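A closer look at the structure
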Amino acid sequence: MPARRIGVVAALLLLVVAGCASAPSETAQQLEPPAVPTGGIAPTTKFTPLSATTVTTPAPVLGTDGKTHVTYELLLTNATPAPFTMGKVDVLADQEVVLSLSGPELAAQSNLLAAQTGDEGVGDPTGSAASIPGGGTAIVWLDVLFDGPGATSVPTALTHRVSGSIGGGPTTEVDTGSVPVSSAAAPVLGPPLQGGPWYASDGCCVDDTHHRRGLAPTNGQLLVPQRYAIDWYLLDDQHRAWVDDPSKITNFLAYDKPAIAVADGVVVDATDGFADTTSLPQPPPIPPIVETVGNHVTLMIAPGVYVMYAHFTKDSVAVKTGQQVKKGDVLGHIGSSGNSTAPHLHFQVNTQPTFFPTDSTPFAFDCMRVDGQVTERIWDDVLAEQPTPELPYTPSTDTGERRGQMPLDRNVVTFC
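Residues numbered from 1 in each chain as written. Predicted model: local features only at pLDDT ≥ 70, side-chain atom pairs only at ≥ 80, totals over all residues. Heavy atoms only, no water.

**What to know about the environment of Ser-396**
Inspection of the secondary structure puts Ser-396 in the loop between strand S26 (393-395) and strand S27 (401-402). Of the residues examined, Ser-396 reaches a relative accessible area of 22% and is grouped as partly exposed. Note: C-alpha distance between Ser-396 and Asp-371 (25 residues apart in sequence) is 5.3 Å. Residue contacts for Ser-396: discarding those within four places in its chain leaves Val-370, Asp-371 and Gly-372. Looking at Ser-396, its side chain comes within polar contact range of the main-chain oxygen of Val-370, at 3.3 Å. (Helix = DSSP H or I, 4+ residues; strand = E, 2+ residues; numbered from the N terminus. Buried < 20%, exposed > 50% of the residue type's maximum accessible area, 1.4 Å probe, protein only. Contact = heavy atoms within 4.5 Å. Polar contact = N/O pair within 3.5 Å; in protein donor to acceptor, adjacent residues only side chain to side chain.)

And the structure:
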């Protein structure tokens, strides 16, 4: 190419490159400058004597009382050297108080962390959270109720306000922040057992039971791994869990009854080989942590949703780890292995494929009838030591089919 033409072409190229460099691209024109946060201290900011945290993300579930329950724990730590005396704890949704605890009700629904309360369900004044010592922590056991079924009636977040005094001074109000409420619906499951009537012992949500209030620090985490767990005992038409001699395991009506899969799933844990308790009618010595649930099966029925069945009798586990199961398949037979007080099925939904550590989340059943209610709190530890096997009972006024509901503590139900 002649030198003159080369020069002309080079000049044209320079003009094109210069034009491209000077003209902003379409992408560049669309970019927005980064948002600049507003600085400074908000006028509402203040130092507070309490700090607060929750143990779980609260999740809604419809109970057999027709109410939607949001059940969780509020931990309050006194960050001052002086005692903080609680007068009232309010739970608010959109600035409206949806639960208020004070006086005897607050005392019944709270305790100091690590308080020694003696036997299960037997209150001890030394465990009271009415006064939180300097540096101490109280736990408030919350069960917030909403009308109507499902998450549509539940707010997206709940806030907390604590009223009390520091060292006997004037009353002060402490806003302890908010906690998001899960929008996920509780899984609706098939029956874990056949027929009935089955006594739902130590169930959710407001009663003081070893499931609901079983705070367990595990691997550095503070958890309530049995929050929604149920211990299922089979009853007869006289509302008895056993007949004749309660020291004989075979005299319990639940013994050797089959437990079935509540949904299609895969077995992530199937453990057998532990002997049934030999201490009846008294509870067994506490076993090592790995033997807590005895012979058991855990199913994964959805990502992050695990269903656990515990305390099967020895050599009855009918599935293997990795096995696919269908809804209704037999998984094992009820016994009293592990930390079990008498033959029953321990049933719950977990967030992990293990019992320790895990969080316990709500669930509902697709069809059941509520036959009645056991009217007195009889702890699992002393169930077999009662002077009579007949449980105090009142029949239900509504024995129609219930769908998509969770049994509440001491319900007696028959599965469809």
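**Observations concerning unusual backbone geometry**
For the peptide bond that leads from Cys-204 to Cys-205, omega is 20°, which places it in the cis range. Within the secondary structure, Cys-205 is located in the loop between strand S12 (198-201) and strand S13 (216-218). Residue Pro-281 follows Leu-280 across a cis peptide bond; omega there is 10°. Mapping Pro-281 onto the fold places it in the loop between strand S17 (265-271) and strand S18 (295-302). One non-glycine residue, Asp-202, lies in positive phi territory at about 55°. Assignment of secondary structure puts Asp-202 in the loop between S12 and S13. Residue Asp-202 is classed as buried on the basis of its relative accessible area of 0%. Located in the positive-phi region is Asp-315, a residue other than glycine, with phi close to 65°. Its place among the elements puts Asp-315 in the loop between strand S19 (305-312) and strand S20 (324-325).

**Description of the state of the cysteines**
A covalent bond bridging the sulfur atoms of two cysteines is what the word disulfide describes. Overall, the coordinates contain two disulfides when judged by the stated rule. At a sulfur-sulfur separation of 2.1 Å, the disulfide partner of Cys-204 is Cys-205. For the disulfide bridge between Cys-204 and Cys-205, the dihedral angle about the S-S bond is near 105°, and by the sign convention the bridge is right-handed. Disulfide pairing is shown between Cys-367 and Cys-416; the S-S distance is 2.0 Å. Around the S-S axis, the bridge from Cys-367 to Cys-416 shows a dihedral of about -70° and counts as left-handed. Of this pair, Cys-367 sits in the loop between strand S24 (364-365) and strand S25 (368-374) while Cys-416 sits in the segment after strand S28 (411-415), and the two are 49 residues apart along the sequence. With its bonded cysteines labelled in order along the sequence, the protein shows the pairing 1-2, 3-4. (Disulfide = S-S within 2.5 Å.)

**Description of the nonpolar core**
Trp-232, Tyr-309, Leu-331, Leu-345 and Phe-347 are the most contacted members of the largest nonpolar core, which has 39 residues in total. Residues Val-70, Val-91, Ile-132 and Val-162 belong to the second largest nonpolar core, which totals 27 residues. (Core = buried A, V, L, I, M, F, W, Y, C linked by side-chain atoms within 4.5 Å.)

**Regarding the environment of Pro-149**
Relative to the helices and strands, Pro-149 resides in the loop between strand S8 (137-147) and strand S9 (157-166). The class for Pro-149 is exposed, based on a relative accessible area of 56%. As a C-alpha pair, Pro-149 and Gly-63 span 86 residues in sequence and 8.9 Å in three-dimensional space.

**Some details on the pattern of salt bridges**
Tallied over the full model, the rule gives 16 salt bridges. Two residues, Asp-236 and Arg-240, come together in a salt bridge whose shortest N-O distance is 2.8 Å. Of the two residues, Asp-236 and Arg-240, neither departs from the other in class, the shared state being buried. In this structure, the salt-bridge partner of Glu-401 is Arg-403, at a minimum N-O distance of 2.7 Å. Among the charged side chains, a network of salt bridges with common partners joins Asp-202, Asp-207, Arg-377, Asp-409 and Arg-410. (Salt bridge = Lys/Arg side-chain N within 4 Å of Asp/Glu carboxyl O.)

**A closer look at the packing of aromatic side chains**
This structure, assessed with the given rule, holds ten aromatic pairs. On the basis of an interplanar angle of 65° and a centroid distance of 5.4 Å, the ring pair of Trp-232 and Phe-415 is categorised as edge-to-face. Pair noted here: Trp-232 is in strand S15 (residues 230-234) and Phe-415 is in strand S28, with a separation of 183 residues, a long-range link. For the pair Trp-232 and Phe-415, one class covers both residues: buried. Ring plane angle 65° and centroid distance 5.6 Å describe the contact between Phe-363 and Phe-365, whose orientation is recorded as edge-to-face. Look at Phe-363 and you get buried, because its relative accessible area is 0%. Within the aromatic cluster, the residues linked to one another by ring pairs are Trp-232, Tyr-309, Phe-347, Phe-363, Phe-365 and Phe-415. (Phe/Tyr/Trp six-rings, centres within 6.5 Å; stacked < 30°, edge-to-face > 60°.)

**Quick notes on the side chain of Thr-56**
Relative to the assigned elements, Thr-56 resides in the loop between strand S1 (50-54) and strand S2 (60-62). A distance of 2.5 Å separates a polar atom in the side chain of Thr-56 from a polar atom in the side chain of Asp-359. Thr-56 has contacts with Thr-71, Tyr-72, Glu-73, Val-179, Arg-227 and Asp-359, leaving out every residue within four places of it along the chain.

**Some thoughts on the pairing of strand S4 (residues 84-93)**
Summarising burial for S4: seven of the ten residues are buried, a large majority. Bridge count between S4 and strand S7 (residues 131-132): two bridges; the pairing is antiparallel. Note on S7: the bridge partner recorded for Phe-84 is Ile-132. Where S4 lies against S9, eight bridges are found, and the strand directions are antiparallel. The residue of S9 that forms the bridge with Met-86 is Gly-164. Here S4 pairs with strand S5 (residues 96-102) via six bridges, running antiparallel. (Pairing = 2+ DSSP bridges.)

**Brief notes about the pairing of strand S10 (residues 171-180)**
Here S9 runs beside S10; their pairing, made up of eight bridges, is antiparallel. Looking at S10, one finds that Arg-161 is bridged to Asp-175.

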